[in-house]
Each structure stands twice: as structure tokens, then as C-alpha cells.
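The chain contents come next:
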Amino acid sequence: MGLYQFTALIKHELKYYFVTPIAYVVIAVFWSASGFFFSFNQLFVSAINMVSAFHNMSLLLMLMIPFLSMRTFAEERQNNTLELLMTLPISEAALVWAKYLALMTIVLLMLLGSAVAVAILSYFGDPDYGPIVGGYIGIFLLAASFSGIGVLMSSISTNQIVAAALTWFCLLLMWFADYGASLFPSSWLVYFFQYISFSVHYLDLIRGVLTRGTLIYFISVIFLTLVVSVQILRVKRS
Amino acid sequence: MSEPLLELRNVWKRFGRYEVLKHLNLSVGKGEIVGLLGPNGSGKTTTLRIAAGYSWSDKGQVLISGEGVFPNAPFSRRDVGYLPEKVPLYDPFRVSEYLNFLASVRGLRGQIAKDAVQRVLQELDLSAVEGRLIGHLSKGFRQRVGLAQALLSQPKILLLDEPTNGLDPGQLVEARDMIRRASKDRAVIFSTHIMQEVSALCTRVVYLLDGNLRLIPLVSDWSIGGTIKARVRCETIDILLTKIGQLSPDIRSERIDQGENIFDLELDCSSDLRGELSALLVTSGELLSFQSETLSLEKRVLKLLDEKGK
């Protein structure tokens, strides 16, 4: 399959988000809520960094991304268009990646819109841009992982609501996974639960600290979820 | 039959413990329209899905122009146009947007893609609705859009799963014309429950039963045959039965009145013998009633299958 066909798939996905109200609603809610929290923080705490803003953004992304990701495969399956797509001369991997990249484009748009906050900080103060840029990269990685999980849950579901609910469940499970460590004191499971927990890695991210371990963690989550999604599509063919 | 464009060789498919397809063999050549019949759950959709490269077969091979088709080899699906049972459409898109997208994904570019879209819009009389949202189209138009996407890349093979389901009589006639036009230079397989569709369209009919295909004689023979029920008063019933037996051996008689020599006769015969039979009944006794029932296509198929089974 050529790049032209792959690009056509991404364009189609993006277009689909904007011919339905879902992208407009999600983006508007995200921009409004993140703007509100940022303003609140500046007015009442007078912070000249984005740590609190990133913290709020990560929670908002956890709430909003399932609304975007739920349709990727579950809706196609519901409308029977998945059967059409899978009889076209395109691979399952291309389909999964095209849908994922389109979703990430929307997420990028959400994060870019929230960057108005940085302009406001620059206007009224002299913020340290290093942690802000690092924080945005981190939040993008976090959102990319959430999206990967969303695509995976959608690939196993035939109903969009179920897909969204499963995504929330998984995100919450992985967010609070480090709590599981307390159940197994002095065991290798402590390291395991801490390693798979979003909240452990995310604390570094929102401060703009991006370590190799954190980078590997998020990239692993993204690849693993997408590879499993491809395999699920293949299995479901039968 | 010309060189087969599509071949299913010894295809097996199992869902859990239930074997849907067993040793299924089917070849379809250029210009052929093969009607795939069968009861619900007999595996018609599964057969088409395997042929379209959507599903895996557990055993066997699918060949298109002699080359294998595999679900994990997308390129092998380039020559197949497929219309699933539930027409796969994106309701929030306009007809032209939908077709342009599918032309691009099928690898058609620039002017070639534009020409392909225009061609199918014209062939299927969709030009008037190309700017309309798919979600606002009637069922007939939706079916046409579905068929249009299957024809976009001028595939050698067209697979249609119950393409006339739920259409009104006017739309049915249109759909038949469309399929007939689309079958030129192609191999077409379509599944249906509607026997009239088969008799109106197909060059060959196969019936899927117990995982196997059974060939049914050409559709032109199908309307022949029926049952005649007659009541006669006849003194020499044995002579009458012998004469009728020479025309149609499958005759049943029952005396319903001992004193009056009244008999009920029931026999299966082809339509061209009906006149001769009625004349024989009139001349051999007193014809009290005469009723001729043409066998429905459905009954005919069941009868043929029953005969084959025996």
C-alpha cells in the first residue's frame, strides 16, 4: 500500500471528526476547561509556571480522549464499514496507524489551543520555557498513550459507549496502578506496579523532566497498544 | 465456461464446532452471474466474505485469475468489488466525498480517480445526488451508492451479498438492471433468498446446503411444471390412468364415491402437457373440476434438492 492511500485514510478520518460534532465539542470543552483552570491558577495562586495547568490538562485528557477514540473501530463495526475497509487493498496496520495519527492530530490541535496560556504567561511575566516545552512534550506523550489505549479498546468493542467505558476503566487502572504496590511489600511486583503506573511517570512529565525510562515507557505503551489492535483486527477477521 | 476469474477450491470454514463450509468448490468465469442460494445460516455470507478476502478459510484456496487471495495480503484484493449485506456507508459524508475517498484508498489518483467516480455516478444514475448527504438518501439510492463503490476500480470480480434486500418493486427492477449492466466482462456472484431475482438475473444457480454447493439446473427451466388436481366421473378409470400415465407417470388417484365412480386425480406435469391432459380428461369421462397449480420457484428448488438428495 502506498503513502497516497495511507494519506487518504488519515484525511478521511480527520474529516469524519469534523463532519460530526464530536471533535468540535471535545476541543471546545478542553480549551474552555484548561483555560479556566489556568486562569484560576494565575489569579488565585499567582504561579508563573505551567505545572498546575499540565496537571489539569492530563486529567482533562483522560476524560476527553475516550470520547474521541471510541469511534475509531467500534463505530466502523457498528455501521458495517469495517467490513468494507478490510476488503480494500489496505493492511490492518495501515488502518490502525491512520486512525491513530488522525486522532493524534486532533489531540495536537487541543494542546496547541491550550498554548495560549504560554503566551499570556510570557506577556505578564518571564517564565522558564524549558520546563514548559518539556511539559508539553510530556503531556503529548501521555495523550498519545491514552489514545493508544482508546484505539485498542475500540478495536475490541462493537459499541462506542462500551469502548469509551473500557478506555476510562483502563486509564484509571493504569493511573492508580502504583497503589497496587502497597499490596505486595518488598516484592518485584512493587517495581512492576510502579513502572506501569501513569501517575508515577506523569509527575516528572508535568515538571518538564523527560528521562529515558519515561520515554521508553510511553513509546512502549503506544506501540504495544497499536500492535495488539492490529492483531485483534486480524483475529476478528475470522 | 471461459477461464475462471474466481475459484474457490476445497474451502472449509468452521465456527467453533459448527462446520459452515465443507469442501466447497466454485468457479466463476467472465460474463457469468452466479446466484448463491441457501437457507439462513447456510454460509452464503461466509462464502462471499472468504472470496472477498475478508475472512480466513480454515482450509482450501481462493484464486483470482489463478492467483491466491489472502486476508493478510491486501494487494490480492485489488480485483474484487464487494457489497456486503448491510451497505457500508458513511452517513455524514456526501456521495461524491465517499466515492472519492474509496477511489483514493483503492489507489486511483488524480484524473483517473475523478473519471472513475464520474463513470460510476453516471452508470448508476447517481449524478443527481452526488452532492447530497448519504444519510439523507432513500434505501434504493443507498444501495446504488454501495454498488457504485464496488464498481469504482473496475474489478474483475463482483461479490454482492443480498443486494436487493428490502427494495420496493421499482427499485428491484432498477437494481436488476444495474447488476446486469455491471456483469459485463466480469464474474459476478450474488447471494439472495429471492428466487425471482435468481430467475431474472443468473446464468447459473448454486444452492448452499450442509456446507456444500449443489448445482441447480438453469433458471430457464424453472417456471416449467406444476400440479394438476382434477375430479372426474369415469367408468373406465384404469384405461384413463394408463393413458395419463403415458404422459405423466407421477399420478395419484383416489375414488371418493363408490357408487358414482368419482375419482380425485393429482399429478405433476410440465406446463406444455396441461392442455393435452385436460383434453384427455374431458374425452374420457365427465370432468367435474380442474385445478392447475404452477409450482413456485421456491417449491421447485426444494423439490430438486429433495430429488438430488434421494
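Residues numbered from 1 in each chain as written. Chains lettered and ligands numbered in written order. Predicted model: local features only at pLDDT ≥ 70, side-chain atom pairs only at ≥ 80, totals over all residues. Heavy atoms only, no water.

Enquirer: I'm lost on the overall build of chain B in this one. Help?
Expert: Within chain B, the regular secondary structure consists of nine helices and 14 strands. Going through the 310 residues of chain B one by one, you find that 49% of them count as buried. Excluding contacts between residues fewer than 6 apart, the proportion of contacts in chain B whose partners are at least 24 apart in sequence is 70%. For chain B, the computed accessible surface area is about 14300 Å², with 49% contributed by carbon and sulfur atoms. (Helix = DSSP H or I, 4+ residues; strand = E, 2+ residues; numbered from the N terminus. Buried < 20%, exposed > 50% of the residue type's maximum accessible area, 1.4 Å probe, protein only. Contact = heavy atoms within 4.5 Å. Areas by Shrake-Rupley, 256 points an atom, 1.4 Å probe, with all protein chains shown as cover.)

Enquirer: Just to check I follow, could you spell out the confidence of the model for chain B for this structure?
Expert: When pLDDT drops low, the exact placement of atoms in the prediction is not to be read closely. Residues and elements named next belong to chain B. Here chain B averages 82 in pLDDT, and 88% of its residues register 70 or above. Within chain B, helix 2 (residues 95–105) carries the highest mean pLDDT (95), whereas helix 9 (residues 297–309) carries the lowest (65). Confidence metrics for the complex model read pTM 0.81 and ipTM 0.85. (pLDDT = per-residue confidence, 0-100.)

Enquirer: What am I meant to see in the packing of aromatic side chains here?
Expert: Any aromatic ring pair is given by two values, namely how distant the centres are and how the planes are angled relative to each other. Residue and element names in this part refer to chain A. Following the criterion strictly, the structure yields 20 aromatic pairs over all chains and no others. A centroid spacing of 5.2 Å and a plane angle of 80° characterise the contact between F67 and W168, whose relative ring orientation is edge-to-face. In this pair, F67 sits in helix 3 (residues 51–69) while W168 sits in helix 9 (residues 160–175), placing the two residues 101 residues apart along the sequence. Classification of W168 by relative accessible area gives partly exposed; the value is 26%. Consider the rings of Y195 and Y217, whose centres lie 5.5 Å apart with planes at 85°: the pair is edge-to-face. Highlighted residues: Y195 in helix 10 (residues 188–196) and Y217 in helix 12 (residues 212–237), separated in sequence by 22 residues. Taking relative accessible area as the criterion, Y217 reaches 3% and is therefore assigned buried. One aromatic cluster is present, built from ring pairs that chain together F146, W175, Y195, F198, Y217 and F218. (Phe/Tyr/Trp six-rings, centres within 6.5 Å; stacked < 30°, edge-to-face > 60°.)

Enquirer: Whenever I open this one, the packing of helix 3 of chain A against helix 8 (residues 129–156) of chain A confuses me. Can you help?
Expert: Residue and element names in this part refer to chain A. As a packed pair, helix 3 and helix 8 sit with axes 9 Å apart at the nearest point and diverge in direction by 25°. In terms of axis orientation, helix 3 runs roughly parallel to helix 8. In this structure, helix 3 meets helix 8 at a crossing whose hand is right-handed. Touching F54, M57, S58, L61, M62, I65 and S69 of helix 3 are P131, I132, G135, Y136, I139, L142, A143, F146, S147, G150, V151 and S154, all from helix 8. Considered class by class, the residues forming the contact of helix 3 with helix 8 number 13 nonpolar, six polar and no charged. (Axes fitted to C-alpha atoms, helices over the stretch in contact; angles between N-to-C directions. Parallel < 35°, antiparallel > 145°, perpendicular 65-115°, else oblique. Left-handed = near helix turned anticlockwise from the far one by under 90°. Nonpolar A, V, L, I, M, F, W, Y, C, P; charged D, E, K, R; others polar.)

Enquirer: What is the right way to read the interface of chain A and chain B from this model?
Expert: For interface size, the figure often reported is the accessible area lost on association. The interface is formed by 28 residues belonging to chain A together with 33 residues belonging to chain B. Summed over both partners, the interface of chain A with chain B buries about 2800 Å², with 63% contributed by carbon and sulfur atoms. Considering only the surface of chain A that becomes buried against chain B, Y4, E83 and R237 of chain A emerge as the three largest contributors, covering 24% of it. Counting across the interface, chain A meets chain B through two salt bridges. Ionic pairing is found between E83 of chain A and R49 of chain B, a salt bridge with its closest N-O pair at 2.9 Å. (Buried area = accessible area lost by both parts, 1.4 Å probe. Salt bridge = Lys/Arg side-chain N within 4 Å of Asp/Glu carboxyl O.)

Enquirer: Can you help me understand the pairing of strand 3 (residues 33–37) of chain B in this one?
Expert: Side-chain positions along a regular strand alternate between the two faces of the sheet. Most of strand 3 of chain B sits out of view: five of its five residues are buried. Burial along strand 3 of chain B is two-sided: the residues I33, G35 and L37 of chain B and V34 and L36 of chain B are all buried.

Enquirer: Help me understand the pattern of salt bridges, please; the structure alone is not making it clear to me.
Expert: A side chain with one charge may pair with a side chain of the opposite charge, provided their charged atoms come close. Residue and element names in this part refer to chain B. Counting across every chain of the model gives 17 salt bridges over all chains. Between R142 and D91 there is a salt bridge; the shortest N-O distance is 3.1 Å. In this pair, R142 is assigned in helix 4 (residues 139–151) and D91 in the loop between strand 6 (80–83) and helix 2, connecting sequence segments 51 residues apart. Put simply, E286 and R233 hold a salt bridge, and the shortest N to O gap is 2.5 Å. Taken together, the residues span a long stretch of sequence, with E286 in strand 14 (residues 286–294) and R233 in strand 11 (residues 226–233) at a distance of 53 residues.

Enquirer: Would you explain helix 1 (residues 44–52) of chain B in this entry?
Expert: Helical periodicity: at 3.6 residues per turn, an α-helix aligns residues three or four positions apart in one direction. All names here are of chain B. Of all nine residues that make up helix 1, seven are buried, and the element is covered over most of its length. Here helix 1 has its buried residues at K44, T46, T47, L48, I50, A51 and A52. Phi for G53, located one or two positions after helix 1, is positive at around 85°.

Enquirer: When you look at the sheet that holds strand 5 (residues 67–68) of chain B in this model, what are you seeing that I'm missing?
Expert: Two modes of strand pairing occur in sheets, parallel and antiparallel, and in both the strands are linked by backbone hydrogen bonds. Residues and elements named next belong to chain B. Here we have four strands laid out as an open sheet, ordered 2-1-4-5, and antiparallel in their pairing. Of all the strands in the sheet, just strand 2 (18–29) and strand 5 have a single pairing partner and so form its edges. Docked against the sheet, helix 1 engages strand 1 (4–15), strand 2 and strand 4 (59–64), running at close to 120° with respect to strand 1. (Pairing = 2+ DSSP bridges.)

Enquirer: When you look at unusual backbone geometry in this model, what are you seeing that I'm missing?
Expert: Keep in mind that most residues, glycine aside, have a negative phi and that most peptide bonds are trans. All names here are of chain B. Here E162, not a glycine, exhibits a phi torsion of approximately 45°, which is positive. Checked against the element boundaries, E162 lands in the loop between strand 7 (157–161) and helix 5 (169–182). For D185, which is not a glycine, the phi torsion comes out positive at approximately 60°. Relative to the helices and strands, D185 is located in the loop between helix 5 and strand 8 (187–191). We classify D185 as exposed; its relative accessible area is 58%.

Enquirer: Where do I start with a nonpolar patch on the surface in this structure?
Expert: Residue and element names in this part refer to chain A. Taken together, the side chains of Y129, V133, I137, L210, L215, I219 and F223 define a hydrophobic patch exposed on the protein surface, amounting to about 590 Å² of accessible area. Secondary-structure elements contributing two or more residues to the nonpolar patch are helix 8 and helix 12. According to the relative accessible area criterion, L215 is partly exposed, its value standing at 32%. (Patch = residues over 30% accessible without salt bridge, like charges linked within 9 Å, V, L, I, M, F, W, Y side chains within 5 Å.)

Enquirer: I keep staring at the packing of helix 9 of chain A against helix 11 (residues 198–205) of chain A and nothing clicks. Help me out?
Expert: Residues and elements named next belong to chain A. The geometry of helix 9 relative to helix 11 is characterised by a closest axis approach of 7 Å and an angle of 75° between their N-to-C directions. On the basis of their axis angle, the class for helix 9 and helix 11 is roughly perpendicular. On the side of helix 9, the interface is formed by L171, M174 and W175, while helix 11 contributes F198, S199 and Y202. Split into classes, the residues belonging to the contact of helix 9 with helix 11 amount to five nonpolar, one polar and no charged.

Enquirer: Can you walk me through the side chain of R144 of chain B in this structure?
Expert: Within the secondary structure layout, R144 of chain B lies in helix 4. R144 of chain B has contacts with L124, D125, L126, E174 and M178 of chain B, leaving out every residue within four places of it along the chain.

Enquirer: Explain the side chain of R119 of chain B here, please?
Expert: Residues and elements named next belong to chain B. Considering the arrangement of structural elements, one finds R119 in helix 3 (residues 110–123). Among the polar contacts made by the side chain of R119, one reaches the main-chain carbonyl oxygen of L151 at a distance of 3.4 Å. If near-sequence neighbours (up to four positions away) are discounted, R119 is found in contact with L151, L152 and Q154. (Polar contact = N/O pair within 3.5 Å; in protein donor to acceptor, adjacent residues only side chain to side chain.)

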